[in-house]
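In case you want the letters, here they are:
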Amino acid sequence: MVRPNASQSVRLELLRDDVVEEMKGLGIFPLESLTIASTVTLGLLRKSSTQRHGVTRWTRKHGALVLETVDLHPVLLEQHWSRYAAFVLYHELLHAVGNRSHDRDFRAMESLWPDIDASKQGSEFTNKMRLERASWLWVCVQCEMEYPRQRPSGGKYQCRKCRCRLVDRPIKDMKS
C-alpha cells in the first residue's frame, strides 16, 4: 500500500462517500456492511501496477481474516477516470463487506452498479497503463494488432488473433 497524500486522501474519501450513498440506494446492504464500507482504510496501489486497478487486503490474526485496506490505482483519481474509479471502489467494497470470491452472487451484486458504461472501462484503463510503462510494441505485420510490453519479444511470440509472428518496435520514437 502506498500512503495517499492529503489531496489524494480527500479524493478517496469523496469517492467513497459517493459509492456508499449509491450502495445505500440499492437497498440490499445491511447497516453493518455499509458501516464497514464507510470506515475501511483507503490507500493506493503503486503507480507501476498495470494489471490491478484495485485490491482489498486482508490479514490473518489468530486464525481469522481481518479486513486491512482497500487500495485503488492512483491514476483512477484523475478526473477522466472518475466514473470507472467509482465502479472499481464499489467492486472492492463488495469484497470488503464479505463477498470474497467472484462467484455468481458477487457478479449479481456487481451488476447492480447503475453506471454500466463505467464498468466496461477496465480494458481501456489496462491498455493505458501498459502503454505508459511499455518500451516495446509487439506488432503483428498481418493484422496490425499491437501489444505494449516492457521487453522485446525476440520473435518468440505469436499474434493472439491471426497466429502470425510478432515483430518488435521500440516505443521511444512514438512517445516523443
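It should be emphasised that the depicted structure is a prediction, and the values quoted were computed from it without experimental measurement.

Draft legend 1. Fine view of the environment of Gln-51. Here Gln-51 shows up in the loop between β1 (41-44) and β2 (54-61). Distance from Gln-51 to Phe-125, taken between C-alpha atoms, is 9.3 Å for residues 74 residues apart in sequence. Those residues within four positions of Gln-51 in sequence are excluded, and the remaining contacts are Thr-126 and Arg-130. In this structure the side chain of Gln-51 is engaged in a polar contact, spanning 2.8 Å, whose partner is the side chain of Arg-130.

Draft legend 2. Focus on the packing of helix α1 (residues 6-26) against helix α2 (residues 31-39). Contact geometry of α1 with α2 gives a least axis separation of 10 Å together with a crossing angle of 170 degrees. As summarised for this structure, α1 and α2 are arranged roughly antiparallel, according to the angle between their axes. On α2, the residues touching Arg-16, Val-20, Met-23 and Lys-24 of α1 are Leu-34, Ala-37, Ser-38 and Thr-39. By residue class, the composition of the contact of α1 with α2 is 4 nonpolar, 2 polar and 2 charged.

Draft legend 3. Expanded view of the pairing of strand β3 (residues 64-72). In this sheet, β3 lies alongside β1 in parallel orientation, the contact comprising 4 bridges. Looking at the pairing, Thr-41 lines up with Thr-69 of β3. Where β2 and β3 come together, 8 bridges link them in antiparallel fashion. Pairing of Trp-58 across the sheet is with Leu-67, part of β3.

Thresholds applied
- Residues numbered from 1 in each chain as written.
- Predicted model: local features only at pLDDT ≥ 70, side-chain atom pairs only at ≥ 80, totals over all residues.
- Heavy atoms only, no water.
- Helix = DSSP H or I, 4+ residues; strand = E, 2+ residues; numbered from the N terminus.
- Contact = heavy atoms within 4.5 Å.
- Polar contact = N/O pair within 3.5 Å; in protein donor to acceptor, adjacent residues only side chain to side chain.
- Axes fitted to C-alpha atoms, helices over the stretch in contact; angles between N-to-C directions.
- Parallel < 35°, antiparallel > 145°, perpendicular 65-115°, else oblique.
- Nonpolar A, V, L, I, M, F, W, Y, C, P; charged D, E, K, R; others polar.
- Pairing = 2+ DSSP bridges.

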